[in-house]
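Given next are the chains, with one letter for each unit.
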Amino acid sequence: MTNQEIEQKVRDILAAKLGIDVGTIRGDSRLAEDLGVDSFGAVELMFELEEAFGLKIPDSEIEHVRTVNDIVVYLSGWLSKNPGR
Amino acid sequence: MNRRRVVVTGMGVVACNGTGVEEFWRANVEGRSGIGPIDAFDASDLTSQIGGQVRGFDPGLYMPAETAKRVDRFVHFGLACADMALKASRLDPAAEDPTRIGVIIGSGLGGLLFHEEQIVAAFDRGANRINPMSVPRITPNAVASQIGIRHGFKGPNMVISTACASGAHAIGEAFRKIQHGEADICLTGGVEAPLTRFNFGAYCAMRVLSKNNGDPAGASRPFDLGRDGFVMSEGGAVLVLEEREHALRRGAPVLAEVTGYAANSGAHHMVMPDPEGADAAGVMSAALRDAGISRVDLISAHATSTRANDAAETRAIKAVFGGDAHGIPVSATKSMIGHSIGAAGAIEAVVCVKAIEQDFAPPTINLNQRDPACDLDYVPNQGRSLKVGTVLSNSFGFGNCNVSLIFAKAR
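This is a predicted model, so every value here is computed, not measured.

## Focus: the overall build of chain A
Then, number 1: What chain A contains, in helices and strands, is 4 helices and 0 strands.
Then, number 2: Counting from the amino terminus, helix and strand elements in chain A follow one another as α-α-α-α.
Then, number 3: Relative to the compact-globule value of 12 Å for 85 residues, chain A shows a C-alpha radius of gyration of 12 Å, a close match.
Then, number 4: Dimensions of chain A, computed from C-alpha atoms along their principal axes, come out at roughly 35 × 25 × 20 Å.
Then, number 5: Sorting the 85 residues of chain A into buried and exposed places 15% on the buried side.

Spelled out as structure tokens, the structure:
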């Protein structure tokens, strides 16, 4: 999966979750400040990403995620280390 | 003491025989059953395979898609009914003090559908794969909280869980909250989405459900000699209860008045009613005293279509009204609606208010051969026009939780 494909999938998940147009979500959109994702919303989002990408995101990672790009970087790193997925 | 009076200013209902007050009432007037074969889940290995499913219900008509996606079916019913009731009451939440508006809803089971799904997932895939929305979706008070969140109501907010009496308990407690000045308006009622494989199987295991699978519409037959258990259904109802002066000041539609409420316990058994019906008689008498009356024009019976309940309730009605009992029509609308557990008392409250408004006693359908132990006027098979100034509504829950409510014509 290319970074572009990962980003597209993340943006689709976010758009569906937040009920907003996918075009309004950019790579540098900040989850809390720009998209209004509160701390429990972030927990839900991580669960949806885990389901969609088939991984388990540790709590320690969630604290480092601020933007859409942060999610994409984390996921692409994980996927490159787990090529079978 | 001059008690504050409480009126009904709006109603919403979702039931297997009709969604929306008008469609639902028409079904009750015409004696139309909503019972059919169950296809919400696989019931093929169960003794009972029939129920009252709500069909063609689109939660998206009553709430944003985002909300619809995040809540369980019992909350869908609650939000939809609240939406209908508020529209009917012509209440403008923006014009009201939100701290004076409460939400008190009954639910026996909470978010059982999602609960089951997540339990299966936890065992199949691991407990570290449980959806983080599980707790807020499953908890029974999700329904009252979601109604509060959606409309910004900041008064007392709670869910009452007393099995089949939940909806009636909720209405009674909301009535008291307004009487006692703790709120001016309460959205109140009951909801239930009990048609899940585990829950339905559990009721089958208790052997309390009708096995009349060959004739679904004829299976719920309160007071009939051939009755063989109740028929489970899903749905909900919400009423807007309002302090009378408040309602009159804003020119609200006043549909009926709530004038009496009582609750007690038989302290006898978790499933069986007291065969003498002393607790049921006691709760009816107490509600009549609360309303300051000794007779009513119509009784909306709990009448589940189980052998034990219908005979005990009949005995209790006769104990309360003595010689007058034979002159009071007794409607058993579960014959058409089925038994929606925590929603039943609220759905039947809608029946009571419409009966008062339309001066009409709905029928007890499927009553072909009366049980000799059940010898009152049950309005068999055909509804009847009559002056309905007052109605007594009974709800008796597993665990001997009993509630009686009195509704009266607005004056």
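Past the structure itself, the notes keep going.
## Quick word on the confidence of the model for chain B
Then, number 1: Chain-level statistics for chain B give a pLDDT mean of 97 and a share of 100% at 70 or above.
Then, number 2: Reported confidence for the predicted complex is 0.82 by ipTM and 0.95 by pTM.

## Looking at the interface of chain A and chain B
Then, number 1: Counting from both sides, the interface comprises 5 residues of chain A and, opposite them, 6 residues of chain B.
Then, number 2: Split into classes, the residues belonging to the side of chain A that touches chain B amount to 2 nonpolar, 1 polar and 2 charged.

## Some points on unusual backbone geometry
Residues and elements named next belong to chain B.
Then, number 1: A positive phi angle, near 45 degrees, is found at Ala267, a position not held by glycine.
Then, number 2: Looking at the element boundaries, Ala267 is found in the loop between β9 (256-265) and α10 (278-291).
Then, number 3: The phi dihedral of Val379 is positive, around 50 degrees, even though this residue is not glycine.
Then, number 4: Looking at where Val379 falls in the secondary structure, it is placed in the loop between β12 (360-361) and β13 (384-385).

## Side note on helix α4 (residues 112-125) of chain B
Residues and elements named next belong to chain B.
Then, number 1: In a regular helix each residue adds 1.5 Å, so 14 residues correspond to 20 Å; α4 covers 19 Å between its end C-alpha atoms and thus fits that length.
Then, number 2: Regarding α4, the residues found buried are Leu112, Leu113, Phe114 and Gln118.
Then, number 3: Contacts from the buried residues of α4 go to α3 (73-89), α5 (134-138) and α8 (197-205).
Then, number 4: Just downstream of α4 lies Gly126, where phi reads positive at about 115 degrees.

## Points about the environment of B:Ala287
All names here are of chain B.
Then, number 1: Note that Ala287 resides in helix α10.
Then, number 2: For Ala287 and Glu348, which are 61 residues apart along the polypeptide, the C-alpha to C-alpha distance reads 17 Å.
Then, number 3: Setting aside chain neighbours within four positions, we find Ala287 in contact with Gly260, Tyr261, Ala262, Leu392, Ser404, Leu405 and Ile406.

## Re the packing of helix α1 (residues 3-18) of chain A against helix α2 (residues 39-53) of chain A
Residue and element names in this part refer to chain A.
Then, number 1: Between α1 and α2, whose axes approach to 11 Å, the crossing angle comes to 135 degrees. Between α1 and α2, the angle is such that the two are oblique. Read as a crossing pair, α1 and α2 show a hand that is right-handed. Between α1, through Lys9, Ile13 and Lys17, and α2, the contact on the second element is made entirely by Leu45, Glu48, Leu49 and Ala52.
Then, number 2: Residue classes in the contact of α1 with α2 are distributed as 4 nonpolar, no polar and 3 charged.

## Points about the pairing of strand β7 (residues 185-192) of chain B
All names here are of chain B.
Then, number 1: With 8 of 8 residues buried, β7 is to be regarded as a mostly interior element.
Then, number 2: By the alternation rule, side chains of β7 split into Ile185, Leu187, Gly189 and Val191 and Cys186, Thr188, Gly190 and Glu192, which are all buried.
Then, number 3: The sheet contact formed by strand β5 (residues 101-106) and β7 spans 6 bridges and is parallel. Of the residues in β7, the one forming a bridge with Val103 is Leu187.

## A short note on the packing of α10(B) against helix α11 (residues 307-321) of chain B
Residue and element names in this part refer to chain B.
Then, number 1: Running from N to C, α10 and α11 point in directions that differ by 45 degrees, and their axes come no closer than 8 Å. As the angle between them shows, α10 and α11 are arranged oblique. Handedness of the crossing formed by α10 with α11: right-handed. Seen from α10, the contacting residues are Ala280, Ala281, Met284 and Ser285; seen from α11, they are Ala312, Glu313, Ala316, Ala319 and Val320.
Then, number 2: Taken together, the residues that form the contact of α10 with α11 break down as 7 nonpolar, 1 polar and 1 charged.

## Observations concerning the confidence of the model for chain A
Then, number 1: The share of residues in chain A with pLDDT of 70 or more is 98%, and the mean pLDDT across the chain is 91.
Then, number 2: When pLDDT is averaged over each helix and strand of chain A, the minimum, 84, is found for helix α3 (residues 59-62) of chain A and the maximum, 94, for helix α4 (residues 68-81) of chain A.

## Brief notes about α8(B)
All names here are of chain B.
Then, number 1: Taken together, the buried positions of α8 are Asn199, Phe200 and Tyr203. Projected down its long axis, α8 carries its buried residues within an arc of 95 degrees, all on one side. Exposed positions of α8 whose direction lies more than 90 degrees from the buried face are Ala202 and Ala205.
Then, number 2: Following α8 by one or two positions, Arg207 has its phi on the positive side, about 60 degrees.

## Overview of the nonpolar core
Then, number 1: B:Met11, B:Ala85 and B:Ala237 are the most contacted members of the largest nonpolar core, which totals 138 residues.
Then, number 2: For this core, the element with the highest residue contribution is α3(B), accounting for 11 residues.
Then, number 3: Judged by nonpolar contacts, the second largest core, of 11 residues, contains A:Leu14, A:Val37, A:Ile71 and A:Leu75.

## Description of the environment of B:Ile347
Residue and element names in this part refer to chain B.
Then, number 1: Within the secondary structure, Ile347 is located in helix α13 (residues 344-358).
Then, number 2: Measuring from C-alpha to C-alpha, the distance between Ile347 and Gly190 comes to 7.5 Å, with 157 residues separating the pair along the chain.
Then, number 3: When neighbours within four sequence positions are excluded, Ile347 is seen to be in contact with Val13, Ala15, Gly235, Ala237, Ile337 and Ser340.

## Overview of the pairing of strand β14 (residues 390-397) of chain B
Residues and elements named next belong to chain B.
Then, number 1: The buried count for β14 comes to 8 of 8 residues, which makes it a mostly enclosed element.
Then, number 2: Because side chains alternate across β14, one face comprises the buried residues Thr390, Leu392, Asn394 and Phe396, and the other comprises Val391, Ser393, Ser395 and Gly397, equally buried.
Then, number 3: Of the pairings in the sheet, the one linking strand β10 (residues 298-300) to β14 comprises 3 bridges and is parallel in character. Within the sheet, the bridge partner assigned to Leu298 lies in β14 and is Val391.
Then, number 4: Pairing of β14 with strand β15 (residues 401-408), which is carried by 8 bridges, proceeds in the antiparallel orientation. By the bridge assignment for β15, Thr390 is matched with Ala408.
Then, number 5: Following β14, the chain reverses through 3 residues before pairing antiparallel with β15; Gly399 in that reversal takes a positive phi of roughly 90 degrees.

Analysis parameters
Sequence positions are assigned chain by chain, starting from 1 and proceeding in written order. Numbering of ligands from 1 and lettering of chains from A proceed in the order in which they are written. Only residues with pLDDT of at least 70 get local features here, since the model is predicted, and only at 80 or more are side-chain atom pairs given and counted; chain-wide, interface and lining totals rely on the full set of residues. Secondary structure is summarised from DSSP: a helix means a run of H or I of at least four residues, a strand means a run of E of at least two, and numbering begins at the N terminus for each. The reference for a compact globule is 2.2 Å times residues^0.38; the radius of gyration itself is calculated from the C-alpha atoms. Burial is judged by counting the other C-beta atoms within 10 Å of a residue's own C-beta: 20 or more makes it buried, 12 or fewer makes it exposed, and any count in between marks it as partly exposed, with every C-beta position built from the backbone. Each residue carries a pLDDT score, the predictor's own confidence in it, on a scale running from 0 to 100. Note on contacts: each residue gets a C-beta atom placed from the backbone, and two residues are in contact if those atoms are within 7 Å. Note on residue categories: nonpolar means Ala, Val, Leu, Ile, Met, Phe, Trp, Tyr, Cys or Pro, charged means Asp, Glu, Lys or Arg, and polar means any other residue, Gly included. Expected span, for any helix, means 1.5 Å times one less than how many residues it has. Lines fitted to C-alpha atoms define the axes, with helix axes restricted to the stretch in contact, and inter-axis angles between N-to-C directions lie between 0 and 180 degrees. By definition in this entry, angles of less than 35 degrees are roughly parallel, angles greater than 145 are roughly antiparallel, angles of 65 to 115 are roughly perpendicular, and the rest are oblique. Take the far helix as your reference; a near helix turned counterclockwise from it by less than a right angle gives a left-handed crossing, and one turned clockwise gives a right-handed crossing. We call two strands paired when DSSP finds no fewer than two bridges between them. Throughout, the arc means the angular range of directions from the helix axis out to the C-beta atoms. We define a nonpolar core as a collection of buried residues of the types Ala, Val, Leu, Ile, Met, Phe, Trp, Tyr and Cys that are connected via C-beta atoms lying within 7 Å of each other.

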